[in-house]
Structures are given as structure tokens and as C-alpha cells.
Amino acid sequence: MSSISSAVSAGGVSTTVRRIVFEGNDSIAAADLRAAMLTDTKGWLPWSSAPYNPDLLAEDLQAVHALYALRGFPSAQVEQKVDVGPKGDTTITLGVVEGPHQAVGRVRFEGQTSFTEQELLTLASQAGLQPGADLSRALLFSGGLQVELQHREDLLDARERE
């Protein structure tokens, strides 16, 4: 669905996005939040504004929330306020309640016998899992570290068979 076909009309006037404002974003810069969004103030032509698309804005809310989760704020809440002026000029305000920042406190491994703890800590650090790092659900559940460990275990098994 193109943004033009789903643009909203206000009293017969086509609505365009003139401003995007962020409130409560103390930990992530507005430029970073805006970069995560597809909604824009610029249209296809240099002098035009982009049409307001509520479906696209709903996706943008999810993208902003995902960025907060990646940066260690999994409980962040993002709400929208859309103000349409009499000429269809739209201001979008995204209010953020960041919630507590969560960071990795300690990394340890138990029950692993194929690798030394130092090897495991090195792999974890290379994957971004180290004390002080943002606690990101994506990092914890990406499986990247698990895949690397499995790959190394396969190599050890192959060496033992030789």
C-alpha cells in the first residue's frame, strides 16, 4: 500500500506531515529515533511535504520501541499524538517513557566442559555480551553466541575423531 493511497484527509484537505517531535527521549537522540522511522516530513519533491499515513506511523511506533529494546530499555512505552491543523499540516508527537535501563551485570558459564571459561567469556564479549553492555533481548535470543559455540564444538568433535 503506498503512502499516497492511505493518506488521511481532514475535512477534504489532504494531510501532510510538517513536524515530528519527540518528548521524553532522554537516552536516545531524536535523530536516531527519526532514522528508525519511515514516516518523514519530506515528500518526493524537494518543496513538498510527505502525506500523513497512520498505518506507516503504527509501524514506526513499533520500530521506535524496538530501538529502545535494543538499547537496553525493554519496558519503554511509546505513544503518539497527532495534531492536524486547519490546512492539513500535521504535527506528530511521540511521547516516550523510557523505563529503567537494563545492562549486563555479570557473565558466567556453568556446566560447560568443552571450553575454558576464558574462551567462553571471549566469545561472549565478541558477541557484545559483557558487563555494562545494554541488555538487549535481541542479543540474548539471537543465537549468535550459541551458533559459534556449536560450531566450535563440532570442530572439536571432528578433531577427536581424527
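Refer to the preceding data block for the structure.
Summarised in this report is the structure supplied together with it. Throughout, residues of each chain are indexed from 1 in the direction in which the sequence is written. Predicted model: local features are reported for residues with pLDDT of at least 70 only, side-chain atom pairs are reported and counted for 80 or more only, and whole-chain, interface and lining totals are derived from all residues. Remark: hydrogens and water are excluded; side-chain values derive from all non-hydrogen atoms of the structure.

## Focus: the pattern of salt bridges
Argument step 1. Within this document, salt bridges are pairs made up of a side-chain nitrogen of Lys or Arg and a carboxyl oxygen of Asp or Glu, the two lying within 4 Å of each other. All told, the structure shown has three salt bridges when counted by the stated rule.
Argument step 2. Here R71 ties to D32 by a salt bridge, and the two come within 3.9 Å at their closest N and O atoms. A residue pair is termed long-range when its members are at least 10 positions apart, and R71 in the loop between helix 2 (54–70) and strand 5 (77–84) and D32 in helix 1 (residues 30–35) qualify at 39 residues.
Argument step 3. Residue D32 is classed as partly exposed on the basis of its relative accessible area of 34%.
Argument step 4. For D83, the salt bridge is made with K81, and the minimal N-O distance between the two is 3.9 Å.
Argument step 5. Throughout, exposure labels follow a simple rule: accessible area from a 1.4 Å probe, protein chains only, divided by the maximum for the residue type, with under 20% read as buried, over 50% as exposed, and the rest as partly exposed. Take D83: its relative accessible area is 36%, and that puts it in the partly exposed class. Helix and strand labels come from DSSP, where a helix needs a run of H or I of at least four residues and a strand needs a run of E of at least two; each type is numbered from the N terminus.

## A few points about the side chain of T90
Argument step 1. Examined against the element boundaries, T90 turns out to sit in strand 6 (residues 89–97).
Argument step 2. Here G88 takes part through its backbone oxygen, which lies 3.3 Å from a polar atom of the side chain of T90.
Argument step 3. Setting aside chain neighbours within four positions, we find T90 in contact with T15, T16, V17, R18, R19, Y52, V82, D83 and V84. Two N or O atoms form a polar contact when they lie within 3.5 Å of each other; inside protein one atom must be a possible hydrogen donor and the other a possible acceptor, and for residues adjacent in sequence the pair counts only when both atoms belong to side chains. For this analysis, residues touch if any pair of their heavy atoms sits within 4.5 Å.

## Describing the sheet that holds strand 6
Argument step 1. Strands qualify as paired when DSSP identifies two bridges or more between them. One open sheet accounts for four strands, arranged 4-3-6-5; its pairing is mixed. Strand pairing shows two members of the sheet lacking a second neighbour, strand 4 (50–51) and strand 5, which therefore form its edges.
Argument step 2. Here helix 2 sits on the sheet in contact with strand 5 and strand 6, set at roughly 145 degrees to strand 5. For helices, the axis comes from a line fit to the C-alpha atoms of the stretch in contact; other axes are also lines fit to C-alpha atoms, and the angle between any two N-to-C directions lies between 0 and 180 degrees.

## As for the nonpolar core
Across soluble globular proteins, you tend to see nonpolar side chains buried next to one another.
Argument step 1. L33, M37, V64, Y68 and L94 are the most contacted members of the largest nonpolar core, which has 18 residues in total.
Argument step 2. Setting aside residues no more than four positions away along its own chain, Y68 makes contact with N25, I28, L33, F73, P74, A76, V96 and E98.
Argument step 3. Here, the term nonpolar core denotes a set of buried Ala, Val, Leu, Ile, Met, Phe, Trp, Tyr and Cys residues that are joined through side-chain atoms within 4.5 Å. Ranked by size, the runner-up nonpolar core spans five residues in total, among them V107, A124, L129 and A133.

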